[in-house]
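Geometric and topological summary
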Amino acid sequence: MVFPFKSLEDFKVEITQDHELLRSAVRDFAENVLAKYVERGEKELDIPLEAKQKAKEIGLYGLFASQDLGGQGADYLSLLTATEEIARIWPSFSTFLLINWMFIYALSRFGNEELKKKYVIPVANGDKVAAFAVTEPVAGSDVAGIKTTAKKLDGEYVINGRKIFITNGDIADYYLIAARTSPPDPKARWKGISMFVVEKDAVKPVSRIETTGLRSSHTAEILLEDVKVQTENLLGEEGNGFKYAVSSFDFARTIVASQALGIGQAALEKMINYSLQRSAFEKKLAEFQLVQTKVSESLADLEVARLITYWAGTLFRNGKENEYTVAASLAKFISTESAERIILRAMSVYGGYGVTTSTGLERMLRDLQIMKTYEGTNDIQRISAARFLYNKFIGYKV
């Protein structure tokens, strides 16, 4: 029985040799280039320009963009593969890329040709930085609850509102802004939201928000005061912005799961290496059954998370939208929580050293708390998966 899916054919992971070649290349970049900047970046709360430039040189920004838009034309599984390897070394850098990829995805799927050429190409080339601005002080998981407005006056839109927890919010060149172009319908609150591309000169960063994890990633609050936007900067159709935002979050969700895979992989490697280096009672830690149990449980957590993440990615690539939506929610909370358990086990194997900052384990734990929260909290993912199951597969509205 494969309920709620239609066939056993839905349960497959389609990794190819091309994905393995990409993984190897990105791992080499992460270990030999990115790793040099991690300590400095985490202290300075920024990603050094040299690291961004080196990522640009190997085409990471435009990995998912089509070749006619300046990208590499890689598939979705390639994003998961690259993200896992980058997050294994520096999760903050993978988040920086994630937001640029979300912007590229939204414009590539829903924008017209003029909008794509004007804004996707510079981001895919690594010449410009993007931000995705939906969340507000009163609307996080409840996207339909946003209060920012976009009123049409004299042939253009005037946007007013405030956005918070915006990744790249204080460094972006282009912002994809969600705003209400008409009041919410009590029977369908999602209606009346539109999305616009706004350039940095019109946006006022209010403050950078200091976070416990992903400290090299920029999280900011931004203000939009009487921002005038030309009608050609409207993404897709007026009033359909909620659908575009949700689709973009769905796109990002499994990438977040692959971030967690990278962290979990790094924590497992540290646990194993330390168990072979440290001795107690004249035996290596690896010889103790309690340590062996922690290693095997961590390996199980990691591989289950990896399988469900790449399974979800395969569904996305194959256009199985309904199946993907459920799988992506499962992948996000399973992968992030699996990685958290692996880190905690690693900390216990390290003993006293496990609570020091020098091992890197505490940074992994801090970074994961944000991954459990953004692109839809884990609690929301549990509810979303169940509701989608009832609504789409059973036909019962909950």
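What you are looking at is a predicted structure, and each value in this text was computed from that prediction instead of being measured.

Two elements in contact, helix α9 (residues 321-350) and helix α10 (residues 361-371), have axes whose closest approach is 10 Å; the angle formed by their N-to-C orientations is 160°. Of the possible angle classes, the one that applies to α9 and α10 is roughly antiparallel. Of the two elements, α9 crosses α10, and the hand of that crossing is left-handed. Contacts between α9 and α10 involve K332, T336, A339, E340, I343, L344, A346, M347 and Y350 on the former and, on the latter, L361, E362, M364, L365, L368, Q369 and M371. A per-class count over the contact of α9 with α10 returns 11 nonpolar, 2 polar and 3 charged.

Our next topic: the packing of aromatic side chains. Tallied over the full model, the rule gives 24 aromatic pairs. Among the aromatic residues, ring-to-ring pairing joins F64, Y76, Y105, F110, Y244, F251, F316 and Y324 into one connected group. Over the ring of F288 we find K283; its NZ or CZ atom is 4.7 Å from the centre of that ring. Residue placement shows R382 over the ring face of F333; its charged tip is 4.2 Å from the ring centre.

Turning next to the domain arrangement of the protein chain. Annotation of the protein chain at the domain level lists domain 1 (8-128), domain 2 (132-239) and domain 3 (242-394). Averaged C-alpha coordinates put domain 1 and domain 2 at centres separated by 24 Å. The interface is formed by 26 residues belonging to domain 1 together with 21 residues belonging to domain 2. When the two sides are added together, the surface that domain 1 and domain 2 hide from each other amounts to roughly 2,000 Å², 64% of it contributed by carbon and sulfur. Our enumeration of links across domain 1 and domain 2 arrives at 0 salt bridges. Here domain 1 is connected to domain 2 by 8 residue pairs in polar contact (both at pLDDT 80 or more). Sorting the residues of the side of domain 1 that touches domain 2 by element identifies α2 (38-44), α5 (91-110) and α6 (113-124) as the ones contributing at least two each. No other element matches α5, which puts 11 residues into the side of domain 1 that touches domain 2.

Let us now look at the UniProt feature "domain: Acyl-CoA oxidase/dehydrogenase middle" (unreviewed entry) in the protein chain. As annotated by UniProt and renumbered to match this structure, "domain: Acyl-CoA oxidase/dehydrogenase middle" (unreviewed entry) occupies residues 131-227. End C-alpha atoms of residues 131-227 are separated by 16 Å, and the span's content is 0% helix alongside 49% strand.

What follows concerns the UniProt feature "domain: Acyl-CoA dehydrogenase/oxidase C-terminal" (unreviewed entry) in the protein chain. UniProt records the feature "domain: Acyl-CoA dehydrogenase/oxidase C-terminal" (unreviewed entry) for residues 239-389 in the present numbering. Between the first and last C-alpha atoms of residues 239-389 the distance is 26 Å; the span itself is 79% helix and 3% strand.

Moving on to the pattern of salt bridges. In a structure, side chains of opposite charge can pair up when their charged atoms sit close to one another. Considering all chains together, one arrives at 30 salt bridges under this definition. For the salt bridge of K320 with D10, the shortest nitrogen-to-oxygen distance reads 3.4 Å. Residue K320 is found in the loop between α8 (289-317) and α9, and its partner D10 is found in the segment before α1 (17-32); the two are separated by 310 residues along the sequence. Judged by its relative accessible area of 5%, D10 falls in the buried class. We note a salt bridge from E303 to R306, for which the minimum N-O separation is 3.0 Å. With a gap of 3 residues between them, E303 and R306 both fall in helix α8, about one helical turn apart.

Of note, R341 is situated in helix α9. A C-alpha to C-alpha distance of 9.7 Å links R341 and L302, two positions 39 residues apart in sequence. Here D301 takes part through its side chain, which lies 2.9 Å from a polar atom of the side chain of R341.

Criteria and cut-off values
- Residues numbered from 1 in each chain as written.
- Predicted model: local features only at pLDDT ≥ 70, side-chain atom pairs only at ≥ 80, totals over all residues.
- Heavy atoms only, no water.
- Axes fitted to C-alpha atoms, helices over the stretch in contact; angles between N-to-C directions.
- Helix = DSSP H or I, 4+ residues; strand = E, 2+ residues; numbered from the N terminus.
- Parallel < 35°, antiparallel > 145°, perpendicular 65-115°, else oblique.
- Left-handed = near helix turned anticlockwise from the far one by under 90°.
- Contact = heavy atoms within 4.5 Å.
- Nonpolar A, V, L, I, M, F, W, Y, C, P; charged D, E, K, R; others polar.
- Phe/Tyr/Trp six-rings, centres within 6.5 Å; stacked < 30°, edge-to-face > 60°.
- Lys NZ or Arg CZ within 6 Å of the ring centre and 35° of its normal.
- Domains from an automatic or database assignment.
- Buried area = accessible area lost by both parts, 1.4 Å probe.
- Salt bridge = Lys/Arg side-chain N within 4 Å of Asp/Glu carboxyl O.
- Polar contact = N/O pair within 3.5 Å; in protein donor to acceptor, adjacent residues only side chain to side chain.
- UniProt positions renumbered as here; feature names shortened; annotations may be inferred.
- Buried < 20%, exposed > 50% of the residue type's maximum accessible area, 1.4 Å probe, protein only.

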